[in-house]
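Below are the chains, spelled out letter by letter.
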Amino acid sequence: MTKITAAITAIGGYVPDYVLSNQELEKMVPTTADWIESRTGIKERRILKGEGLGTSDMCVKAIEELLKKRGISALDIDLVIVGTVTPDHVFPSTSNIVCNKIGAKNAWGYDISAACSGFVFSLATGAQFIETGKCKKVIVVGADKMSAIIDYQDRSTCIIFGDGAGAVLLEPNTEGFGIIDSILHADGSGAQYLHQKAGGSVKPPTHATIDAKEHYVYQEGQTVFKQAVVGMAEVSAKIMEQNKLTSGDIAWLVPHQANKRIIDATANRMGLTLEKVMLNIQKYGNTTAGTIPLCLWDYEKQLKKGDNIIISTFGAGFTWGSVYLKWAYNS
Ligand code: UT7
């Protein structure tokens, strides 16, 4: 029987118009534009402004672009998976809301919560539905409105995060293109270093949790940094080894955009020069589940059919992993 792989056949992306620059942050918290850029690589990030707008609205924009590019209707979609930690609501899922907004009446869907690894975990999951033959068209979205859970008085977190969404379409391929391999990890002992303290079932919202600012992102930056460097570099090297790939075989590394120094360390461990590394952290910051599909969106025109691509991620949980795929089309 011919092996079916799940190939990315279209990409859409969306970042809000509002640009929050390092210079503007200098006026909000005790920091400098130079500190931010030299410690993270970030120059600016996008913020979703407007009453009543949430993560689903960014997903919709990204998906609408994808559908248009592929020339298909929302009615053709079987499944929509949304990787996010900033869902519109605790329930129902953002995927349900997105399907309704785009008119995907034949689709079902759900959200995956894996923080910055949300897109990669969703991609690996979505691919299974294609590989088994259960679905023909799966949309995988990585999207976060991080500005909804960031304390803009906390200089250690507000400089890093931004808002954005990226979406890919997965379709069956029988010529060996698409997702070839994935290695995924989760270690809940890392939860204490990066999380949102209140708002869940353990600590429901009260006046006290709001006064204590427990609905914002809490991060012990240095610990997360150290784990991310090791986690992303090791898993990327492992997937190369597992698939007998040398650095010369790889066309692109698509790393999670959390900190330019983490990206550099990963590329270095893989023996890759920076020309092969997708980078957009300077303009969007860390959009959590959005970073990787937004990189693919930005670099789509440079991708060629047959390119070997390694995707690599690390996020809260801790969650981390890598995906190896062969690009399936020329733009
Ligand atoms: O995407 C999910 C995973 N998240 C990540 O991968 C993030 C990983 N962590 C990081 O990227 C970095 O740890 C940060 C960018 C968050 C912080 O950079 P750092 O080089 O690790 O700084 P630090 O926390 O070690 O702090 C060094 C100094 C401290 O001052 P003292 O104690 O040395 O006097 C901080 O108070 O820098 C200070 N600092 C700042 N100074 C100016 C912290 N934030 C700022 C700031 N501006 N925004």
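Quick summary incoming for the structure in this document.

The rules behind each value
Numbers given for residues are sequential positions, taken from 1 along each chain in its written order. Where local features are concerned, this predicted model is filtered to residues with pLDDT of at least 70; where side-chain atom pairs are given and counted, the filter is 80 or more; whole-chain, interface and lining totals use all residues. Water and hydrogen atoms were dropped before computing side-chain values, which therefore reflect all heavy atoms in the structure. The helix count covers DSSP runs of H or I at least four residues long, the strand count covers runs of E at least two residues long, and both are numbered beginning at the N terminus. The size measure is the radius of gyration over C-alpha atoms, and the globule rule it meets is 2.2 Å times the number of residues to the 0.38 power. The contact rule is simple, with two residues in contact once any of their heavy atoms fall within 4.5 Å. Only protein chains enter the calculation, and the probe is 1.4 Å; a residue is then buried if its accessible area is under 20% of its type maximum, exposed if over 50%, and partly exposed in between. In short, DSSP must find at least two bridges between two strands for them to pair. We define the nonpolar core as a collection of buried residues of types Ala, Val, Leu, Ile, Met, Phe, Trp, Tyr and Cys that are connected through side-chain atoms lying within 4.5 Å of one another. Note that the domain bounds reflect an automated or database-derived domain assignment. Orientation is described by axes fitted as lines to C-alpha atoms, over the contacting stretch for helices, and by angles from 0 to 180 degrees between their N-to-C directions. If an angle is under 35 degrees, it is roughly parallel; if it is over 145, roughly antiparallel; if it lies from 65 to 115, roughly perpendicular; otherwise it is oblique. The hand of a helix crossing depends on one turn: near helix anticlockwise from the far one by less than a right angle means left-handed, and clockwise means right-handed. Under the grouping applied here, Gly and all other residues not named as nonpolar or charged are polar, the nonpolar ones being Ala, Val, Leu, Ile, Met, Phe, Trp, Tyr, Cys and Pro and the charged ones Asp, Glu, Lys and Arg. Here a polar contact means two N or O atoms within 3.5 Å. Within protein one must be a hydrogen donor candidate and the other an acceptor candidate, and residues neighboring in sequence count only if both atoms are side-chain atoms.

1. Let's talk about the overall build of the chain
Here's step 1: Along its length, the chain carries 11 helices and 13 strands.
Here's step 2: By the compact-globule yardstick of 20 Å for 331 residues, the chain fits well, its C-alpha radius of gyration being 19 Å.
Here's step 3: With respect to the three principal axes, the spread of C-alpha positions in the chain is 60 × 45 × 35 Å.
Here's step 4: Considering only contacts in the chain between residues 6 or more positions apart, those separated by 24 or more positions represent 75%.

2. What about the pairing of strand E6 (residues 138-145)?
Here's step 1: With eight of its eight residues buried, E6 lies for the most part within the structure.
Here's step 2: Here E6 shows a buried face lined by Val-138, Val-140, Gly-142 and Asp-144 and a second buried face lined by Ile-139, Val-141, Ala-143 and Lys-145.
Here's step 3: The pairing of strand E4 (residues 79-83) with E6 spans five bridges and is classified as parallel. The partner of Ile-81 across the bridge, within E6, is Val-140.
Here's step 4: Where E6 lies against strand E7 (residues 163-173), eight bridges are found, and the strand directions are antiparallel. From the neighbouring strand, Lys-145 faces E7, where its bridge partner is Asp-163.

3. Some words on the nonpolar core
Here's step 1: Within the largest apolar cluster, 39 residues are counted, with the highest numbers of intra-cluster contacts made by Val-217, Leu-253, Met-270, Ile-310 and Phe-314.
Here's step 2: Put simply, the parts of the chain that give this core at least two residues each are helix H8 (221-242), helix H9 (260-270), strand E12 (308-315) and strand E13 (319-326).
Here's step 3: In terms of residue count, H8 provides more of this core than any other element does, six residues in total.
Here's step 4: Residue contributions to this core reach at least three from each of two domains, namely domain 1 (5-176) and domain 2 (180-326).

4. Looking at the packing of helix H3 (residues 55-70) against helix H4 (residues 94-102)
Here's step 1: Contact geometry of H3 with H4 gives a least axis separation of 9 Å together with a crossing angle of 50°. Considered as vectors, H3 and H4 are oriented oblique to each other. As H3 runs across H4, the sense of the crossing is right-handed. Counted together, Thr-55, Ser-56, Asp-57, Cys-59, Val-60 and Ile-63 of H3 and Thr-94, Ile-97, Val-98, Lys-101 and Ile-102 of H4 form the full contact between these two elements.
Here's step 2: Looking at the contact of H3 with H4 residue by residue, the classes come out as six nonpolar, three polar and two charged.

5. Things to note about the side chain of Glu-300
Here's step 1: Considering the arrangement of structural elements, one finds Glu-300 in the loop between helix H11 (291-299) and E12.
Here's step 2: In terms of polar contacts, Glu-300 uses its side chain to reach the side chain of Lys-69, at 2.7 Å.
Here's step 3: Engagement of the side chain of Glu-300 in a polar contact is seen with the side chain of Tyr-329, the distance being 2.7 Å.

6. Some remarks on H4
Here's step 1: Listed as buried for H4 are Thr-94, Ser-95, Ile-97, Val-98, Cys-99 and Ile-102.
Here's step 2: Check the buried side of H4 and you find it contacts H3, E4 and strand E5 (108-112).
Here's step 3: Gly-103 sits one or two positions beyond H4 and adopts a positive phi of about 80°.

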